[in-house]
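Listed here are the chains, written in short residue letters.
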Amino acid sequence: VQLQASGGGLVQAGGSLRLSCETSGFTFSDYGMGWFRQAPGKEREIVAAIARTSSATYYIDSVKGRFTISRVNPKKTVYLHMNSLKPEDTALYYCARPRRRSGILAYTSLDYDTWGQGTQVTVSS
């Protein structure tokens, strides 16, 4: 299983980025997917999740209305569109796969057991 995140970078507050996660080694359409982040000195937290058919999504409160998770199953890719970025969004962002194939949305950290290598997002004030 491989999860390759990309699209991070340095952006000013108020700016936008789109993260991509290309996957391989498993049947992408069988799994929901998630995005996590970890800031220095803080625990990794789930940011957003999407069901395998895109029928449901989840966001933590701090990103609601600013971030959008999406996926394209034929491309085996999940995206995180980030708008109105804030300095507190600065973190290493990871895409992740849940431990179980399921149509149910996986929205807790305990649901996930596989993470990619991460892409750095830095938001300057």
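Up top you'll find the structure we're talking about.
Residues numbered from 1 in each chain as written. Predicted model: local features only at pLDDT ≥ 70, side-chain atom pairs only at ≥ 80, totals over all residues. Heavy atoms only, no water.

**So, the pattern of salt bridges**
Piece 1. Taken as a whole and assessed by the stated rule, the structure comprises five salt bridges.
Piece 2. For Arg-66, the salt bridge is made with Asp-89, and the minimal N-O distance between the two is 2.8 Å. Of this pair, Arg-66 sits in the loop between strand 6 (57–59) and strand 7 (67–72) while Asp-89 sits in the loop between strand 8 (77–82) and strand 9 (91–98), placing them 23 residues apart in sequence. Each member of the pair Arg-66 and Asp-89 is classed as buried. (Salt bridge = Lys/Arg side-chain N within 4 Å of Asp/Glu carboxyl O. Helix = DSSP H or I, 4+ residues; strand = E, 2+ residues; numbered from the N terminus. Buried < 20%, exposed > 50% of the residue type's maximum accessible area, 1.4 Å probe, protein only.)

**What to know about the pairing of strand 9**
Piece 1. Burial within strand 9 is extensive, with seven of its eight residues counted as buried.
Piece 2. With five bridges connecting them, strand 4 (residues 33–38) and strand 9 associate as antiparallel partners. The residue of strand 9 that forms the bridge with Gln-38 is Leu-92.
Piece 3. As defined by bridge partners, strand 9 adjoins strand 11 (residues 119–124) across three bridges and the pair is classed as antiparallel. Each bridged residue has a counterpart across the sheet, and for Ala-91 the counterpart in strand 11 is Val-121.
Piece 4. As defined by bridge partners, strand 9 adjoins strand 10 (residues 112–115) across three bridges and the pair is classed as antiparallel. (Pairing = 2+ DSSP bridges.)

**What about the packing of aromatic side chains?**
Piece 1. Inspection of the entire model under this criterion finds five aromatic pairs.
Piece 2. On the numbers, 6.3 Å between centres and 55 degrees between planes, the contact of Phe-26 with Phe-28 is tilted.
Piece 3. Phe-26 gets classed as buried once you look at its relative accessible area, which sits at 10%.
Piece 4. Summarising the aromatic geometry, the rings of Tyr-58 and Tyr-107 are spaced 5.3 Å apart at their centres and angled 35 degrees between planes, so their arrangement reads as tilted. Highlighted residues: Tyr-58 in strand 6 and Tyr-107 in the loop between strand 9 and strand 10, separated in sequence by 49 residues.
Piece 5. When its relative accessible area of 26% is taken as the criterion, Tyr-58 is described as partly exposed.
Piece 6. Three or more aromatic residues joined by ring pairs make a cluster, and in this case those are Phe-26, Phe-28 and Tyr-31.
Piece 7. Directly above the ring of Tyr-94 sits Arg-44, whose terminal nitrogen or CZ lies 5.7 Å from the centroid.
Piece 8. Over the ring of Tyr-31 we find Arg-97; its NZ or CZ atom is 4.2 Å from the centre of that ring. (Phe/Tyr/Trp six-rings, centres within 6.5 Å; stacked < 30°, edge-to-face > 60°. Lys NZ or Arg CZ within 6 Å of the ring centre and 35° of its normal.)

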